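The residues making up each chain are set out below.
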Amino acid sequence: MARTAQAVILAAGRGTRMKSARAKVLHQALGVPMLEHVLRSAQSAGLDPVTVVVGHQADAVQAAFAGRGLVFVRQEPQRGTGHALQVAREAFEAQADRTLLVINGDVPLLRPQTLEALLETHVSSGAAATILTVDLDDPGAYGRVLREPDGQVRAIVEARDASEAERQVREINVGIYVFEVPLLLPVLADLRPQNAQGEFYLTDLVGLLRAQGHTVRAVKTPDPMEALGVNSLGELAEASRLLRERRVADLMAAGVVVEDPATTHVGLDVTVEADAVLRPFTLLEGRTHVSAGAMVGPFARLTDMRIGAGAQVLDHCLLRESVVEAGAVIGPFAHIRPESHVAARAKVGNFVELKKTRLGEGAKAPHLSYLGDATIGAAANIGAGTITCNYDGHTKSPTQIGAGAFVGSDVTLVAPVTIGEGAYVGAGSVITDDVPAGALALGRGRQVVKPGWAEERARAREKERAGKR
Ligand code: UD1
Ligand code: MG
């Protein structure tokens, strides 16, 4: 960028058309608030400082973006986009030498490259203001861009204030503007709420600058998608879909196999290495990382997970805040809860739940288990139906299972308890005492066999019946 520019993001509006109690810019697209998308574009374009105008649910918006180095300005009441910029005046006039970018907070598809291109054109043309536009087949409720014969922008007119002829114009105002602060300041105070909504329109600044003899230019982006302003939940869903598709397309371009882009959701801060395979209906959220050769899905949801090279997360798994190392196999139908660690080549099978549990290298828990607060050594085998009783209604207690131990099916391990290395625990045992390394532990009622019992019982019944007759 030629020189440093600053930004004001407008995020105070009520978002009436959302019909929702939540502030519009806090509604999420691709797992983060809409404002987060705009903010990232502004920050990656190097804009500094970034001032955010907040109003409706200001506290909630400020709290969601605290500690991000932003300047917050309150607009109370919200009297339109022009009023929002007036309220931010003190913040941006402090840096009057810095070109000002004004960005509507409800345009989440905006790319940083587009901001950079807009700024470059603005600076090299020497205009007083430059606006971003796009041609739409259906310009709907967007502001129409009216041009002079020489291509300069004459005015922006809101759809509801436009004449029939003006409404035919297909070039619309995206809601992203560049201003030279010293030229903006004198006209900013001249805005008047003389329009259908009785609001102060930022868009009227174009006409005011023109009246002063200044030049206003437009940069037309070729991508109609970028222009989508989110005003309703329907538009939010559309923006989310477009963001999801864009994200998945970027991953595929980088060598990730995405079997069904339409049903694959990959959050903004997720990283996926080339040659990983994402099967249909896979959701990767938070700071999840998937390594090369790993395969995830179908129907899997991973939040803040690290998946090692070549690991497999099979159908219908929910995994959170844990690590799965290279070559491990998870699922189908597994639930991995926070702070778990599945070491290389270990296996967590169907209907197995892990919580704060380490499963050692090559260890296996193939079926129907709850393993909580447990540390399980390498190559240990956990039989079907094994349960760690880690909670007595009061405190959580740990279970240790040594390397190479063999825990039979349907074993109840009452924690705190330790099973030594290479020890065996018989099926159906309730284990309340530690088992030394190499020992066999049995904790169950001894089986009793009574030969011929059934026949004896039948004879006794027959006799009883004969007596009654
Ligand atoms: C605005 C533009 C329109 C453009 C469209 C692009 C005006 C008058 N119109 O219309 O030309 O085509 O965006 O999407 O600007 N806001 C405030 N304070 C307020 C009002 C709004 O901060 O008092 C914020 C909103 O939170 C929102 C942004 O400004 O992020 C735009 O407001 P919105 O009401 O959505 O304007 P549009 O009707 O979409
Ligand atoms: Mg809008």
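Residues numbered from 1 in each chain as written. Chains lettered and ligands numbered in written order. Predicted model: local features only at pLDDT ≥ 70, side-chain atom pairs only at ≥ 80, totals over all residues. Heavy atoms only, no water.

1. Overview of the pairing of strand S27 (residues 347-355)
Examined bridge by bridge, strand S24 (residues 329-330) and S27 share 2 bridges and lie parallel to one another. Looking at the pairing, Ile-330 lines up with Val-348 of S27. Where strand S25 (residues 335-336) and S27 come together, 2 bridges link them in parallel fashion. The residue of S27 that forms the bridge with Ile-336 is Leu-354. As paired elements, S27 and strand S29 (residues 364-372) share 7 bridges and run parallel to each other. (Pairing = 2+ DSSP bridges. Helix = DSSP H or I, 4+ residues; strand = E, 2+ residues; numbered from the N terminus.)

2. Concerning the site of ligand 1
Lining the immediate environment of ligand 1, one finds 25 residues, of which Gln-75, Gly-80, Thr-81, Glu-158 and Asn-173 sit closest. Within the contact set of ligand 1, an oxygen atom lies 3.0 Å away from a side-chain nitrogen or oxygen of Asn-104. Here an oxygen atom of ligand 1 and a side-chain polar atom of Asn-231 are 3.1 Å apart. Across the complex, the protein chains shield 90% of the 760 Å² of accessible surface that ligand 1 would expose by itself. Counting only elements with at least two residues in the shell around ligand 1, the list comes to strand S1 (5-11), helix H3 (81-87) and strand S10 (171-179). Among the elements that line the shell around ligand 1, the one with the most residues is S10, at 3 residues. Broken down by class, the residue content of the shell around ligand 1 amounts to 8 nonpolar, 12 polar and 5 charged. (Near = heavy atom within 4 Å. Polar contact = N/O pair within 3.5 Å; in protein donor to acceptor, adjacent residues only side chain to side chain. Areas by Shrake-Rupley, 256 points an atom, 1.4 Å probe, with all protein chains shown as cover. Nonpolar A, V, L, I, M, F, W, Y, C, P; charged D, E, K, R; others polar.)

3. Re the coordination of the magnesium ion (ligand 2)
Every protein donor of the magnesium ion (ligand 2) is accounted for by Asp-106 (OD) and Asn-231 (OD1), and the metal-donor separations fall at 2.1 to 2.3 Å. Residue Asp-106 is located in the loop between strand S6 (99-104) and helix H5 (112-125), and its partner Asn-231 is located in the loop between strand S11 (216-220) and helix H9 (233-253); the two are separated by 125 residues in the primary sequence. Its relative accessible area of 11% is what places Asp-106 among the buried residues. Judged by relative accessible area, which is 16%, Asn-231 ranks as buried. (Donors = N, O, S within 2.8 Å, 3.2 Å for Na, K, Ca; no water. Buried < 20%, exposed > 50% of the residue type's maximum accessible area, 1.4 Å probe, protein only.)

4. Here's the deal with the domain arrangement of the protein chain
On domain assignment, one finds that the protein chain holds domain 1 (5-227) and domain 2 (233-441). The C-alpha centroid of domain 2 is placed 46 Å from the C-alpha centroid of domain 1. Taken together, the contact between domain 1 and domain 2 spans 15 residues of the former and 14 residues of the latter. Roughly 1400 Å² is buried in total at the junction of domain 1 and domain 2, and carbon and sulfur atoms are behind 69% of that figure. Applying the counting rule to domain 1 against domain 2 returns 1 salt bridge. The partner of Asp-269 in a salt bridge is Arg-40, with the nearest N and O atoms 2.8 Å apart. Those elements that place two or more of their residues in the side of domain 1 that touches domain 2 are strand S2 (28-29) and helix H1 (34-44). Per-class residue counts for the side of domain 1 that touches domain 2 are 8 nonpolar, 4 polar and 3 charged. (Domains from an automatic or database assignment. Contact = heavy atoms within 4.5 Å. Buried area = accessible area lost by both parts, 1.4 Å probe. Salt bridge = Lys/Arg side-chain N within 4 Å of Asp/Glu carboxyl O.)

5. Comments concerning the packing of aromatic side chains
Between two aromatic rings, the relevant description is the distance of the centres plus the angle of the planes. With the rule as written, the count across this model stands at 4 aromatic pairs. An angle of 20° between the planes, with centres 6.2 Å apart, marks the rings of Tyr-177 and Phe-179 as stacked. Grouping residues by exposure puts Tyr-177 and Phe-179 together as buried. For Lys-396, the ring lying beneath its charged end belongs to Tyr-391, and the centroid distance is 5.1 Å. (Phe/Tyr/Trp six-rings, centres within 6.5 Å; stacked < 30°, edge-to-face > 60°. Lys NZ or Arg CZ within 6 Å of the ring centre and 35° of its normal.)

6. Focus on the nonpolar core
Counting 51 residues, the largest nonpolar core has Ile-307, Leu-319, Val-324, Ile-330 and Val-342 as its most contacted members. Elements represented by at least two residues in this core include exactly H9, strand S19 (300-303), S27, S29, strand S30 (374-376) and strand S36 (417-419). Not counting the four nearest positions on each side in its chain, Val-324 is found in contact with Met-305, Arg-306, Ile-307, Gly-308, Ala-311, Leu-319, Ile-330, Ile-336 and Val-342. Judged by nonpolar contacts, the second largest core, of 36 residues, contains Ala-11, Val-25, Val-52 and Val-61. (Core = buried A, V, L, I, M, F, W, Y, C linked by side-chain atoms within 4.5 Å.)

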